[in-house]
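# Survey of secondary and tertiary structure
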Amino acid sequence: MNKVSKRLKILLGFLIISCVVSAQNSKPTFTFDKTEHDYGTISENGGLANHTFTITNTGSDALTIRQVVASCGCTKPDWTTNPIDPGKSGEIKVSYDPNGRPGLFQKTITVYVVDADPVALTIKGVVGNKVEDTIKAPVLTFDELDHNFGTIGENDGPADHTFYFTNTGTAPLVISRVQASCGCTKPEWSREPVQPGQRGFVLVSYNPVGRIGVFNKTATVYTNETAGVKSHRLSIKGNVVERPSDPPVTAYADTIGGIGVQFTDLSFSDLYQLGINGHTMYIKNCNEQTAYLTFENVPDYVTIKYPDSLKAEWPGQMSVMIDDAKAKNKRGRVIESYKLVIRDRDGAVLGSGNITTRVNYLDDFNSLTPLQKISLPAIEITNSKLEFGTVKKGLFGLFGGSAKKQFILTNKGKSDLILHSVSSDDSRVHLNIPVGTKIAAGASLTVDVTINAKELVDKAVDTDIYIVCNDPKGPVRLVKVTAQKAE
């Protein structure tokens, strides 16, 4: 019994010694976020190139970075000197001095961790030429160099235009003088130095009195660019006439930014991809100053001709033209709005509003083949007049309060009837027919039309539903809709 006990004690002692030795021989484990860093191209006189490598302790005991050694004196390392706990991270910061060392470089930084094998980190890159100091100088950049006044009146006072510019250089810009080509042209300009990145102006004013006819004048701007020998030439031109007479008595439907507009809603003839369709209207500047006109949101198949500017109290004309050939992919009834913006000479917005067009875009039936002509669709409408009468409100004016009526579309032809659109210009008339819906030959489609009482508070409904389809004998059909104001 004593012999067995003694043997157990000896065996246990060996096990304890073995565990201690094993624990003493275990090495710390860790990882780096990367072991190589490429600086790319750096400037020789751009200062120290710095990078930080991250070391993470993935072991169960704290680790200590004992030393970090660079392969040459041009590389300076710095590192976390405190023990790094398990799961935590430390840093090895490396700085490379490129001064006096143009060309390729590759350096090694060796990291010594207590009780671990050393690890080599690498930095590399290319040292480029020195960046020379940029000579600071002003640079005048005009937004435009030419301006066309168009037609101006002899007795409406001087016509002036402001040319704006930006100093895109690195030093203050000074306009020393502006010289006009004749005494009829008077310039004015920014007198204070214009700092880099800032804006300035040159205003050129032309006196049209006694100068009926075409004119083309210049104003030369002299600055402190390139030692004061730089100049820029601005040009103004136009045609002086006697003030145009007002058009025949015209009622202006609306005023946009002080510009009276004869029409703001234009209904075009049906377009068959055969050419250009247009509307012309009168406009008038009712402001006490010159107004400048621009349009926004105009697609490429629409051309709007209008004066760039109108003198105070001057009349003018505007035309809106649609080139159906350029809109060849459009079908159905399309309502679009183009934004007219009115500004003063300084660019401040005086007002804006929309000019709206309503167009039925149709198929080009001239391109039908002989086979297509003998197998055409043909639309027939049942119940083409929907009289809702008075639509009663729902319970407490909150629930219900709607009325529904129907009309039927039947295809009496020999091929698919395509409904390019079924819509009303009055948003209170509710339909839900997807664009491009097809009705097979001999088939019918029932269309639901709904009107809500809560939408009839202010005005009754008296409108049409436009049905645009591929029936060449009747590509546009109408369904009349009326409803009285809700009680």
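Cut-off values and rules
Residues numbered from 1 in each chain as written. Predicted model: local features only at pLDDT ≥ 70, side-chain atom pairs only at ≥ 80, totals over all residues. Heavy atoms only, no water. Pairing = 2+ DSSP bridges. Helix = DSSP H or I, 4+ residues; strand = E, 2+ residues; numbered from the N terminus. Axes fitted to C-alpha atoms, helices over the stretch in contact; angles between N-to-C directions. Buried < 20%, exposed > 50% of the residue type's maximum accessible area, 1.4 Å probe, protein only. Polar contact = N/O pair within 3.5 Å; in protein donor to acceptor, adjacent residues only side chain to side chain. Disulfide = S-S within 2.5 Å. pLDDT = per-residue confidence, 0-100. Contact = heavy atoms within 4.5 Å. Salt bridge = Lys/Arg side-chain N within 4 Å of Asp/Glu carboxyl O. Phe/Tyr/Trp six-rings, centres within 6.5 Å; stacked < 30°, edge-to-face > 60°.

Once that is clear, we can look at the sheet that holds strand E33 (residues 461–469). The mixed open sheet is built from 5 strands, whose spatial order is E28-E34-E33-E30-E31. Strand pairing shows two members of the sheet lacking a second neighbour, strand E28 (385–390) and strand E31 (437–439), which therefore form its edges. Between one strand axis and the next, the sheet turns by 25 degrees as a mean value, whatever way the strands run. Two elements, strand E30 (residues 417–424) and E33, share 5 bridges in a ladder whose sense is antiparallel. Within E33, the residue paired with Val422 across the bridge is Ile467.

This part covers unusual backbone geometry. Residues other than glycine seldom take positive phi values, yet Asp115 does so here, at roughly 65 degrees. With respect to the helices and strands, Asp115 occurs in the loop between strand E7 (103–113) and strand E8 (119–128). The residue Glu313 is not glycine, and still its phi comes out positive at about 70 degrees. Along the chain, Glu313 turns up in the loop between strand E23 (309–310) and strand E24 (315–323). A relative accessible area of 37% places Glu313 in the partly exposed class.

To continue, consider the side chain of Asp363. In this structure, Asp363 sits in the loop between strand E26 (349–361) and helix H2 (370–373). Side chain to side chain, Asp363 and His420 meet in a polar contact 2.7 Å long.

The subject of this paragraph is the environment of Leu266. With respect to the helices and strands, Leu266 occurs in strand E19 (residues 265–267). On the accessibility criterion, Leu266 (2% relative accessible area) is buried. For the pair formed by Leu266 and Val320, sequence separation is 54 residues and the distance between their alpha carbons is 8.8 Å.

Bridging between strand E10 (residues 146–153) and strand E16 (residues 231–241) involves 6 bridges; their strand directions are parallel. Note that in E16 the partner of Thr151 across the bridge is Asn239. Relative to E16, strand E15 (residues 213–223) is paired through 10 bridges, and the arrangement is antiparallel. Bridging from a neighbouring strand, Tyr222 pairs with Ser231 of E16.

Let's shift gears to the state of the cysteines. If you walk through the whole model with that rule in mind, you get 2 disulfides. Each sulfur in the disulfide pair Cys72 and Cys74 lies 2.2 Å from the other. A torsion of -115 degrees about the S-S bond marks the disulfide between Cys72 and Cys74 as left-handed. Since its relative accessible area comes to 22%, Cys72 is described here as partly exposed. Judged by relative accessible area, which is 5%, Cys74 ranks as buried. With its sulfur 2.2 Å from that of its partner, Cys182 forms a disulfide with Cys184. Looking along the S-S bond of the Cys182-Cys184 disulfide, the torsion reads about -45 degrees, which is the left-handed sense. Ordinal numbering of bonded cysteines along the chain defines a disulfide pattern of 1-2, 3-4.

The share of residues in the chain with pLDDT of 70 or more is 89%, and the mean pLDDT across the chain is 87. The model gives residues 14–24 a pLDDT under 50, and that stretch makes 0 contacts with residues more than four places away or in other chains.

With that settled, the discussion passes to the pattern of salt bridges. Two side chains with opposite charge may pair up if their charged atoms get near one another. Tallied over the entire structure, the rule returns 15 salt bridges. Lys93 is paired through a salt bridge with Glu91; the nearest N and O atoms lie 3.9 Å apart. Taken together, the shared-partner salt bridges in this structure form one network comprising Asp265, Arg333, Arg358 and Asp425.

All chains considered together, the criterion is met by 7 aromatic pairs. Relative to Phe215, the ring of Tyr206 lies with its centre 4.0 Å away and its plane at 10 degrees, an arrangement referred to as stacked. Here Phe295 and Tyr306 contribute two aromatic rings whose centre-to-centre distance is 5.1 Å and whose plane-to-plane angle is 65 degrees, an arrangement assigned as edge-to-face. Of this pair, Phe295 sits in strand E21 (residues 291–296) while Tyr306 sits in the loop between strand E22 (302–305) and E23, and the two are 11 residues apart along the sequence. A relative accessible area of 14% places Phe295 in the buried class.

Here we take up the environment of Ser95. With respect to the helices and strands, Ser95 occurs in strand E6 (residues 89–96). When the C-alpha atoms of Ser95 and Thr52 are compared, they prove to be 8.8 Å apart, with 43 residues separating the residues in sequence. Among residues more than four places away in sequence, those in contact with Ser95 are Leu48, Ala49, Asn50, Cys74, Thr75 and Lys76. For Ser95, the side chain forms a polar contact with the side chain of Asn50, separated by 2.6 Å.

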